[in-house]
Amino acid sequence: MAHALLFTDLVDSTRATEQLGDAAAALWWADHDRRARDLIERHGGREIDRSDGFFLIFDRARDAAAFALEYHEEVAALGLAARAGLHVGEVQLRENSPADVARGAKPIEVEGLAKPFAARIMALALGGQTLASDAARTALETLDAAPWRLRGHGHYRLKGVQAPVELFELAPLDRPDLGPPPDADKAYRVVLADGLWMPVRNVPHNLAPERNPFIGRTAELAILSARLEGGARALTLLGAGGSGKTRLVCRYARGRLGDWPGGVYFCDLSEARSLDGICFAVALALEVALAKGDAVAQLGHAIAGRGRCLVILDNIEQVAEHAALTMGRWLDRAADASFVATSRVRLHLSGEELLPIEPLALSSEAIELFMVRAQSQQPGFRPDARQQLAVAEVVRLLDGLPLAIELAAARVRVLSPAQIVERLRDRFQLLAGGRGMAARQATLRAAIDWSWDLLAPWEQAALAQCSVFEGGFTLEAAEQVLDLAAWPEGTPVLDTVQSLVDKCLLRSWQPVRQRRLELAEPFFGMYLSVHEYAQAKCREAGEAHERAVQRRHAGFFAASGSDEALIALNRAGGVQRRAALALELDNLVAACRRAMQHGWAEAAVGTFLAAYEVLDFRGPYALGIELGQGVLGMASLGPRLHARAATSVARALHAVGRMDDAEALLRQGLALPGLDDWPLIEARTRDHLGNLLRITGRPADAMREIEAARSIHVARGDRPALGRLLAMIGQLHNEQGQIVQALAEYEEALAIAREFGSQQAEAALFNSLGVTYAEGGRLEEGRRNFESSLALAREIEDRSIEGYALTNLGCLHHEQGRLVPAAECFAAALVLHREVGNRHFEGYVLGDMGRLAMQQQSWDEAERCLLQALAITRETADRRIEGSELRSLADLYLAQSRLAEARRHLDDAEAVLRPLNDKLYLGHVLCGRAELEHREGHAEPAARACAEAEALASASHASPESELRRRIAAVRTLLG
């Protein structure tokens, strides 16, 4: 029988009880219960259960609605608010025996799905709000002149309920409604888009759009959803190749995206052949830059940081032996994450659950798949009864394997269903009675064999040569790499590629190039099974043929690393060029490795330099070092090519903190014979060496290298390069307290960046200007520049500069007393620095986090962060920041009255900073020394230290609002 079910719950009742105390709360609850039960009796309800609220049933929805509205008024009069959920549905009422009631059982038990459904609706409501289901709305809308109104708030997906439900707010006519409730742990708002219920909130994911309609698999989707919702954390979709495992899990992920607020990350392991290969693919999907060290542990931390997220490990069977070392460890590290693997073999992991994926049902879904795909190829395809029998035979001969069916359906443009059956029987005769995985693999192979045989010779050649590409390719790349000259009667590459797409041997997609949702030109690629098949065909043509294809591939992508191409990256349109280059990273890496293998020096250097331009702004630097050192080890590398590659390898070594190795490599480059003949290479080498010397505390040596580079840039008329150099000179001036000179250099560099449209240089300069303004006490100007840098870095997707800006913006928030925003900036920056692999800035932000913890008097946390920061600065030979971390530790020990430790760290900080002529940081050290001497009763040394700090502040033109001037004023007050 249908009843109206109403759940209520008091908001913050526990807090109210704690505030009132037990005795007063007992009186309050007695008053609440009396009022509620009077209302229940007045409206003909029955009390089923009572906790902080009530579970009630009514014979009529109107009585339940009237009770809910009056109950809100009574609760409000008591100083609290309630939430309520109303649903009308079928339930079974069961009376307990008097003996059971005497032992504490409820008089009436209510059984049925309507009960938890109503409870879920109530849990979603806001304080003071009544939510009603669609069934309740239908019952209430039949009433005339009701004293309430119902307003729809859209659809919500509730945990444990398969289909989304539409919710309505029940409110008095004289009061405004409260609006749609926010998403909760067990419910979230959804909208219907392209046949899928998508979350209204933004959920990060890297799922590609569906290429064509999804057919069938309703039961498997329901099971997959139930298993994951039921708590499965290591679920393996087990099935034969081509059975549709990948498509199924992606369909589930798109349809239940809102279940995973931490995101859904699809990791394509089809190219992985080792533990490193798995880590690289997962890092790519998560956009995590791997640093040196334990990559599996780094990824475990990254996944754990995403909270409740879903990681899909696709095509894991070829690296199943590494599952325990990767997925197994991640399961332990990331307690809120779940993992779905698609595989042809069991992984034998502890806690692994299996979901077998069988081929499509031959009598329904498989036939529907064939029909839909055939009609997309030939819109007028309408088989008669005899042809329908032939279609059924096709899917039977293909064992219901989705990929094989799609390949067969593509042939309806040239073959009738009966002809397809005939051709399939010729090839599948030995497999018709086969069972098990091997038979299905062979069936799929035969289907691809058959598709291959139907291609024209030039199409076969094109498909085989396309296997040289990794991760997809553009039409431009295909036209440069594919050689079809042996078939003059053949069609152009454009038409050949289109034909292969039409025959489902190539697939096409349009990737998103930037966060602004700019679409790149279409990309083409193959399914793994087709790719492997095509690779074998390319090898069958002979070693010389395969090598020639690889050489054309390497030559095409090496052009992206030419001097002209690299210069263009720092001019107008460079952001778009770099974003396009990022889409080709797989091809660049593959081409570089093949070029190293075959000794093609020019191609190896060109592809490496192009790849590093991508790695430099998004990481991981470790990959850049691996490729670069391999290139430098080539025997066929001449001096010019060695010098070209060495600068980028040194940049990568610098970023990960291997300063000695970077410096040695740059000096080796300057010593190469004939360097004078390559001024651009010499200038770049001196640029990077000057910056390295600046960071490692040798300002005079740094300025000599920078001036030498500047003379070359001026002679060549290379103004963009001169702008980058001026920015470096500005940093040198700023670090030595010469703020006016620093600002002048930055402003000139910024003008050049804008003149040539270099948004990356502009973003970096905003950050540098912000540092100089903030350290000089011009805090609002500093904030504006940091925010401009952050916005531009995010727009151009430069993760390195984004991390720098967040770090410095956090420091400014901290200085102005906004501790929560400061902590948020530091946390986000630390993730970015670690993912990109920037060891220097990882140390910087850890120091900043330590100083924030010190202000909050979290002494242990402060010391932990500062000691970690100090270790990193020493590892990376960053002398200036080493001095800063030492003085911060001294301040920490002063605050804890650990005076001997404070003196030791002040001495160490001064020994580091005095040779650097760093006025600002040395001024802080002297302020700390003055405080220490005062506390130990040494008035004269304290006064001397304070006076020298004042002199340094004056020499650096620090304003009265600067952090150093404010600290000096505090010290003077302390000293009296």
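Counting restarts for each chain, with residues numbered from 1 along the sequence as it is written. A pLDDT threshold of at least 70 governs which residues receive local features in this predicted model, and a stricter bar of 80 or more applies before side-chain atom pairs are shown or counted, although totals over entire chains, interfaces and linings include all residues. By convention in this description, side-chain values take in all heavy atoms of the structure and omit both hydrogens and water.

A few words on the overall build of the protein. Helix and strand assignments follow DSSP, with helices taken as H or I runs no shorter than four residues and strands as E runs no shorter than two, numbered in order from the N terminus. The secondary structure content of the protein amounts to 43 helices and 18 strands. Each of the three principal axes of the protein carries a C-alpha extent, and together these read 95 × 90 × 50 Å. Here the term buried applies to any residue with accessible area under 20% of the maximum for its type, exposed to any over 50%, and partly exposed to those in between, with areas from a 1.4 Å probe on protein chains only. A buried classification covers 55% of the 976 residues belonging to the protein. Residue pairs in contact within the protein that sit at least 24 positions apart in sequence constitute 69% of those at least 6 positions apart. Here, residues are in contact when the closest pair of their heavy atoms is within 4.5 Å.

A few words on the nonpolar core. Remark: nonpolar core denotes a set of buried residues (Ala, Val, Leu, Ile, Met, Phe, Trp, Tyr, Cys) joined through side-chain atoms within 4.5 Å. In this structure, Leu463, Phe473, Leu506, Phe608, Val631 and Leu637 are the most contacted members of the largest nonpolar core, which totals 112 residues. Of the residues forming this core, the biggest block, 11 residues, is contributed by helix H25 (residues 601–618). Apart from residues no more than four positions distant in its own chain, Val631 is found in contact with Cys592, Met596, Ala604, Val605, Phe608, Leu637 and Ala645. In this structure, Tyr844, Tyr893, Leu894 and Ala909 belong to the second largest nonpolar core, which totals 37 residues.

Among the structural elements, Leu672 can be located in the loop between helix H28 (659–670) and helix H29 (679–695). What makes Leu672 buried here is its relative accessible area of 17%. In this structure the C-alpha to C-alpha distance between Leu672 and Glu479, which are 193 residues apart in sequence, comes to 38 Å. Dropping the residues within four chain positions of it, Leu672 is found in contact with Pro639, His642 and Ala643.

Before going further, it helps to spend a moment on unusual backbone geometry. Of note in this structure, Glu287 is not a glycine but carries a positive phi near 55 degrees. Relative to the helices and strands, Glu287 is located in the loop between helix H9 (275–286) and helix H10 (295–305). Of note, the phi angle at Gln857 is positive, near 60 degrees, even though the residue is not glycine. Within the secondary structure, Gln857 is located in the loop between helix H37 (839–855) and helix H38 (859–875). Its relative accessible area of 56% is what places Gln857 among the exposed residues.

Before going further, it helps to spend a moment on the side chain of Asn587. Positionally, Asn587 belongs in helix H24 (residues 585–598). Looking at Asn587, the relative accessible area reads 1%, which means it is buried. Not counting residues within four places of it along the chain, the set of residues in contact with Asn587 comprises Phe469, Glu470, Gly472, His553 and Phe557.

Turning our eyes to something else, we now look at helix H43 (residues 963–975). Multiplying one less than the number of residues by 1.5 Å gives the expected span of a helix. If you check H43, its first and last C-alpha atoms are 18 Å apart, about what 13 residues at 1.5 Å a residue would give, namely 18 Å. As for H43, its buried residues are in contact with helix H39 (879–895), helix H41 (919–935) and helix H42 (939–955). Two residues or fewer past H43, Gly976 is found with a positive phi of approximately 80 degrees.

Before going further, it helps to examine the packing of H9 against helix H11 (residues 324–333). Contact pair H9 / H11: the axes reach a minimum separation of 10 Å and the direction vectors enclose 45 degrees. Between H9 and H11, the interaxial angle falls into the category oblique. For the pair formed by H9 and H11, the contact residues are Leu275, Ile278 and Val282 on the first element and Leu325, Thr326 and Trp330 on the second. Here the contact of H9 with H11 is built from residues that sort into 5 nonpolar, 1 polar and no charged. Structural elements are reduced to axes, namely lines fitted to C-alpha atoms, with helices fitted over the stretch in contact, and the angle between N-to-C directions of any two is expressed from 0 to 180 degrees. For this classification, under 35 degrees means roughly parallel, over 145 means roughly antiparallel, 65 to 115 means roughly perpendicular, and everything else is oblique. When residues are sorted by character, Ala, Val, Leu, Ile, Met, Phe, Trp, Tyr, Cys and Pro go into the nonpolar class, Asp, Glu, Lys and Arg into the charged class, and all the rest, Gly among them, into the polar class.

So, on to the sheet that holds strand E8 (residues 148–158). Strand pairing is assigned whenever DSSP identifies at least 2 bridges connecting the two strands. Taken in spatial order, the 9 strands line up as E2-E3-E1-E4-E7-E9-E8-E10-E11 in an open sheet, and their pairing is mixed. The open sheet is flanked by strand E2 (46–50) and strand E11 (196–199), the only strands paired with a single partner. Going from strand to strand, the sheet's axes swing by 35 degrees on average, the running direction of each strand aside. Here E2 runs beside strand E3 (residues 54–58); their pairing, made up of 4 bridges, is antiparallel. Bridge assignment links Glu47 to a residue of E3, and that residue is Leu56. Across the face of the sheet, helix H5 (residues 114–124) comes into contact with strand E1 (2–10), E3, strand E4 (82–90), strand E7 (130–132), E8, strand E9 (165–172) and strand E10 (187–193) while running at roughly 155 degrees to E4. Strands in contact with helix H8 (residues 245–255) are E8 and E11; relative to E11, the strand with the most contacts, it is inclined by about 55 degrees.

The criterion for a disulfide is a pair of cysteine sulfur atoms lying within 2.5 Å. Counted by the stated rule, this structure contains 0 disulfides. We note that Cys279 lacks a disulfide partner, and the nearest cysteine sulfur, in Cys267, lies 11 Å from it. Residue classification places Cys279 among the buried residues on the basis of a relative accessible area of 3%. Cysteine Cys309 remains unbridged, with the sulfur of Cys267 as its closest cysteine sulfur at 9.7 Å.

Moving on, we get to the pairing of E8. Of the pairings in the sheet, the one linking E8 to E9 comprises 7 bridges and is antiparallel in character. Bridge pairing links Gly152 to Phe168 in E9. Hairpin geometry of E8 and E9 is characterised by an intervening segment of 6 residues between the two adjacent antiparallel strands and by a positive phi of about 90 degrees at Gly160. When E8 meets E10, the two strands line up antiparallel, connected through 4 bridges. Along E10, the bridge assignment pairs His155 with Val190.

Our next topic: the packing of H29 against helix H30 (residues 699–716). The N-to-C vectors of H29 and H30 enclose an angle of 155 degrees; their axes lie 8 Å apart at closest approach. On the basis of their axis angle, the class for H29 and H30 is roughly antiparallel. The two elements H29 and H30 meet at a crossing, and its hand is left-handed. Residue-level inspection shows Pro679, Leu680, Glu682, Ala683, Arg686, Asp687, Leu689, Gly690, Leu693 and Arg694 of H29 in contact with H30, the latter providing Pro699, Asp701, Ala702, Glu705, Ile706, Ala708, Ala709, Ile712, His713 and Arg716. When the near helix sits turned anticlockwise from the far one by under a right angle, the crossing is termed left-handed; a clockwise turn instead gives a right-handed crossing.

Okay, the confidence of the model for the protein next. Each residue carries a pLDDT score, the predictor's confidence in it, ranging from 0 to 100. Mean pLDDT over the protein: 86, with 95% of residues reaching 70 or higher. This model gives residues 427–442 a pLDDT under 50, and the stretch forms 19 contacts once residues within four places in sequence are excluded.

This part is about the sheet that holds strand E16 (residues 353–356). Read from one edge to the other, the open sheet built from 5 strands follows the order E13-E14-E15-E12-E16, with strand pairing classed as parallel. Pairing within the sheet leaves two strands with one partner each, and these edge strands are strand E13 (264–268) and E16. For this sheet, the mean inter-axis angle between neighbouring strands, taken without regard to orientation, is 20 degrees. Bridging between strand E12 (residues 234–238) and strand E15 (residues 338–343) involves 5 bridges; their strand directions are parallel. Across the sheet, Leu235 pairs through a bridge with Val340, a residue of E15. Lying on the sheet, helix H7 (residues 218–229) is in contact with E12, E15 and E16; it crosses E16 at an angle near 170 degrees. Along the sheet face, H11 touches E12, strand E14 (310–314) and E15 and points at about 165 degrees away from the line of E15.

What follows covers the pattern of salt bridges. Each salt bridge in this description consists of a side-chain nitrogen of Lys or Arg and a carboxyl oxygen of Asp or Glu lying within 4 Å of one another. By the definition in use, this model includes 74 salt bridges. Across the pair Asp701 and Arg704 runs a salt bridge whose closest N-O atoms are separated by 1.9 Å. With Asp701 and Arg704 both in helix H30 and 3 residues apart, the pair spans about one turn of that helix. Between Arg834 and Glu842 there is a salt bridge; the shortest N-O distance is 3.0 Å. With a relative accessible area of 38%, Arg834 lands in the partly exposed category. Relative accessible area serves as the criterion here: at 11%, Glu842 is assigned to the buried category. Each of Asp31, Arg34, Arg35, Asp38 and Glu74 takes part in a single network of salt bridges with overlapping partners.

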